[in-house]
Amino acid sequence: MDYFLTEEQMMIRDLARQIAEEKIVPVREELDEKEEFPWEIMKVIAQSDLFGLFIPEEYGGLGKGSLELCLAVEELSRACLGVSTTYAANALGSFPLLLFGTEEQKKKYLPDIAAGKRLVAFGLTEANAGSDAAGIQTTAKLEGNAYVLNGTKQWITNGGEAEIYTIIAITDRAKGPRGASAFVVEKGTPGFTFGKKEKKMGIRASVTRELIFDNCRIPKDNIIGKEGIGFVVAMKTLDSSRTGVGSQGVGVAQGAFDEAVKFARQRVQFGHPIISFQAIQHMLADMATDIEAARSLIYSVARYVDSGAKDVSKESAMAKVFATDVGMRVTTNAVQVMGGSGYMREYPVEKMMRDAKILQIYEGTNQIQRNVIGQALIKEAAKKK
Ligand code: COS
């Protein structure tokens, strides 16, 4: 379908596609098997300027928006969700600075992020605060000119490999969600260490670690925005990143669909290629329709975000939930079309299906997305009264 992309948007998509095909596809199986962080590919992405896509030009980026980021993420995801997660989590970690950072913080951090010199990670989740994001326990106490951080963040993508961390911590517990604040913390700060590398079902090229803060003193100026807006920083960050997660769903679905079609044309049963059977055609038809519907929604919501709309919670949640459910459904059906072969590690759809599962879980489970949509519907209905 023609999505009326500009020349420039098509160039960005094609560049990401080229990196995916030439640099990611040949190594994705090995990265998955060895659970190896894709540093070489990150260097290629850095050289291609794709880390700077969504960063304003005055801070060394290309000054593009959500749609361009989605195009790049989709193409990388077609090849490997582990790699695209590393890339997309970098954007997630950057959003607090982009949306709420002071001029000094932006000048200090964004040029390095845009150049891909330093990776970023976002630290919200804790052992007892996943869906219940307001339940975080990590504290940041002001002592003279420093905030002292104590607590542990869990399952942090890019943890240990990133140099810059945007962290949500409690500055005033009595105030509930309004008592949270956001901070930027650099790797190497005394009192800031990492836990073990997690062993995951999928996206094994991406790295997931705990962040441990033990009397970690950071300069007072490292607060992002001001005290008390940490929960809003986190929610706005997630609002901004959820189209990107959705585009991971579109990408992995497209990758799996392509494999299923290729296989169905070659695989002969009952004297015919299986693609000639209506049972297979109907499955492929549903998969293709799902992918186009998800892509249409992602691009529309990304354009809506780029229009400067103030509140995009509902739409970005819709995009995330729909496109990631499509990612799971299509990868599962690609395995089904390919039967026993699809289940074998020899074919990439086995990995794609394992990888896709995380999309329904991270950056807010798909049940939480439905809550967000539901809450927005209630507010809209109340306004109409
Ligand atoms: N933008 C701006 N402000 C928001 C917001 C948004 N998208 N969502 C909530 N807020 C504000 C609310 O307006 C409220 O502020 P006031 O107290 O000033 O009214 C405050 O934040 C608390 O909101 P709410 O009461 O709705 O919070 P809940 O604890 O009920 O949680 C959800 C809301 C479920 C939406 C939230 O916890 C969430 O998104 N959870 C999933 C987190 C997640 O994605 N985790 C994955 C790990 S991060 S990679």
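Calculation notes
Residues numbered from 1 in each chain as written. Predicted model: local features only at pLDDT ≥ 70, side-chain atom pairs only at ≥ 80, totals over all residues. Heavy atoms only, no water. Helix = DSSP H or I, 4+ residues; strand = E, 2+ residues; numbered from the N terminus. Rg over C-alpha atoms; globule rule 2.2 N^0.38 Å. Buried < 20%, exposed > 50% of the residue type's maximum accessible area, 1.4 Å probe, protein only. Contact = heavy atoms within 4.5 Å. Areas by Shrake-Rupley, 256 points an atom, 1.4 Å probe, with all protein chains shown as cover. Axes fitted to C-alpha atoms, helices over the stretch in contact; angles between N-to-C directions. Parallel < 35°, antiparallel > 145°, perpendicular 65-115°, else oblique. Left-handed = near helix turned anticlockwise from the far one by under 90°. Nonpolar A, V, L, I, M, F, W, Y, C, P; charged D, E, K, R; others polar. 1 Å grid on protein atoms, 1.4 Å probe; cavity = no way out; pocket = protein on both sides within 12 Å on 5 of 7 lines; lining within 4 Å. Points joined across faces, edges and corners; volume = space filled by probe spheres on them. Salt bridge = Lys/Arg side-chain N within 4 Å of Asp/Glu carboxyl O. Near = heavy atom within 4 Å. Polar contact = N/O pair within 3.5 Å; in protein donor to acceptor, adjacent residues only side chain to side chain. Phe/Tyr/Trp six-rings, centres within 6.5 Å; stacked < 30°, edge-to-face > 60°. Domains from an automatic or database assignment.

Draft legend 1. Fine view of the overall build of the protein. When you go through the protein residue by residue, the secondary structure sums to 11 helices and 10 strands. Radius of gyration (C-alpha) of the protein: 21 Å, near the 21 Å computed for a compact globule of 385 residues. Dimensions along the principal axes, computed over C-alpha positions, put the protein at roughly 80 × 55 × 40 Å. Taking all 385 residues of the protein together, the buried fraction comes to 54%. Of the contacts formed within the protein by residues at least 6 apart in sequence, a portion of 75% connects residues at least 24 apart. Accessible surface, the protein: about 17,200 Å² in total, of which carbon and sulfur atoms supply 53%.

Draft legend 2. Here's a closer look at the packing of helix H7 (residues 230–266) against helix H9 (residues 313–343). The contact between H7 and H9 brings their axes to 7 Å, and the two run at 20°. Relative to H9, the element H7 lies roughly parallel. Two packed elements cross with a definite hand, and for H7 against H9 that hand is left-handed. Grouping the amino acids of the contact of H7 with H9 by side-chain chemistry returns 16 nonpolar, 9 polar and 4 charged.

Draft legend 3. Seen up close, the layout of surface pockets. Estimates place the volume of the largest pocket at around 1,400 Å³. Leu238, Arg242, Glu363, Gly364 and Thr365 are the residues nearest the centre of the largest pocket, which is lined by 49 residues in total. For the lining of the largest pocket, the elements supplying multiple residues, two or more each, are helix H5 (81–100), strand S3 (146–157), H7, H9, helix H10 (348–356) and helix H11 (366–384). At 8 residues, H11 tops the list of elements feeding residues into the lining of the largest pocket. Its residues placed into classes, the lining of the largest pocket shows 20 nonpolar, 14 polar and 15 charged. Looking at the second largest pocket, its volume works out to about 410 Å³. Of all elements in the fold, only helix H4 (66–79), H5, H7 and helix H8 (278–306) reach the threshold of two or more residues within the lining of the second largest pocket. Class assignment for the residues of the lining of the second largest pocket results in 8 nonpolar, 4 polar and 6 charged.

Draft legend 4. Here's a closer look at the pattern of salt bridges. Counting across every chain of the model gives 27 salt bridges. Taking the shortest distance from any N to any O, the salt bridge between Glu259 and Lys262 comes out at 3.7 Å. Remark: Lys262 and Glu259 occur in helix H7; sequence separation between them is 3 residues, near one turn of the helix. On the basis of relative accessibility, which here comes to 14%, the residue Glu259 falls in the buried class. Salt bridges sharing common partners tie together Arg17, Glu75, Arg78 and Asp258.

Draft legend 5. Broad picture of the site of the ligand. Near the ligand, the surroundings consist of 20 residues, among which Thr125, Ser131, Arg178, Asp239 and Ser313 are the closest. Between Ser131 and the ligand, the recorded distance is 2.9 Å, taken from a backbone N or O atom to a nitrogen atom. In the environment of the ligand, a nitrogen atom lies 2.9 Å from a nitrogen or oxygen atom belonging to the side chain of Ser313. Burial of the ligand by the protein chains amounts to 65% of its free accessible area of 990 Å². Mapped onto the shell around the ligand, the elements with two or more residues apiece are H7 and H11.

Draft legend 6. Broad picture of the packing of aromatic side chains. Using the criterion set out here, one finds 11 aromatic pairs in the structure. Where Tyr3 meets Tyr299, the ring centres are 4.9 Å apart and the plane angle is 75°; that geometry is what we call edge-to-face. Of the two residues, Tyr3 is situated in the segment before helix H1 (7–24) and Tyr299 in helix H8; the sequence distance between them amounts to 296 residues. Exposure remark for Tyr3: the relative accessible area of 12% places this residue in the buried category.

Draft legend 7. Structural view of unusual backbone geometry. Of note, the phi angle at Phe4 is positive, near 50°, even though the residue is not glycine. For Phe4, the position within the fold is in the segment before H1. In this structure, Trp155 takes a positive phi of about 55° despite not being glycine. Among the secondary structure elements, Trp155 is positioned in strand S3.

Draft legend 8. Spotlight on helix H3 (residues 39–47). Buried within H3 are the following residues: Ile41, Met42, Val44, Ile45 and Ala46. Taken together, the buried residues of H3 touch H1, helix H2 (28–34), H4 and H5. In the stretch just after H3, Asp49 is the one whose phi turns positive, near 75°.

Draft legend 9. Spatial organisation of the domain arrangement of the protein. On domain assignment, one finds that the protein holds domain 1 (7–118), domain 2 (121–228) and domain 3 (231–383). Between domain 2 and domain 3, the C-alpha centre-to-centre distance is 30 Å. Taken together, the contact pairs 13 residues of domain 2 with 13 residues of domain 3. Taken together, domain 2 and domain 3 are joined by 0 salt bridges. Partitioning the side of domain 2 that touches domain 3 into residue classes produces 10 nonpolar, 2 polar and 1 charged.

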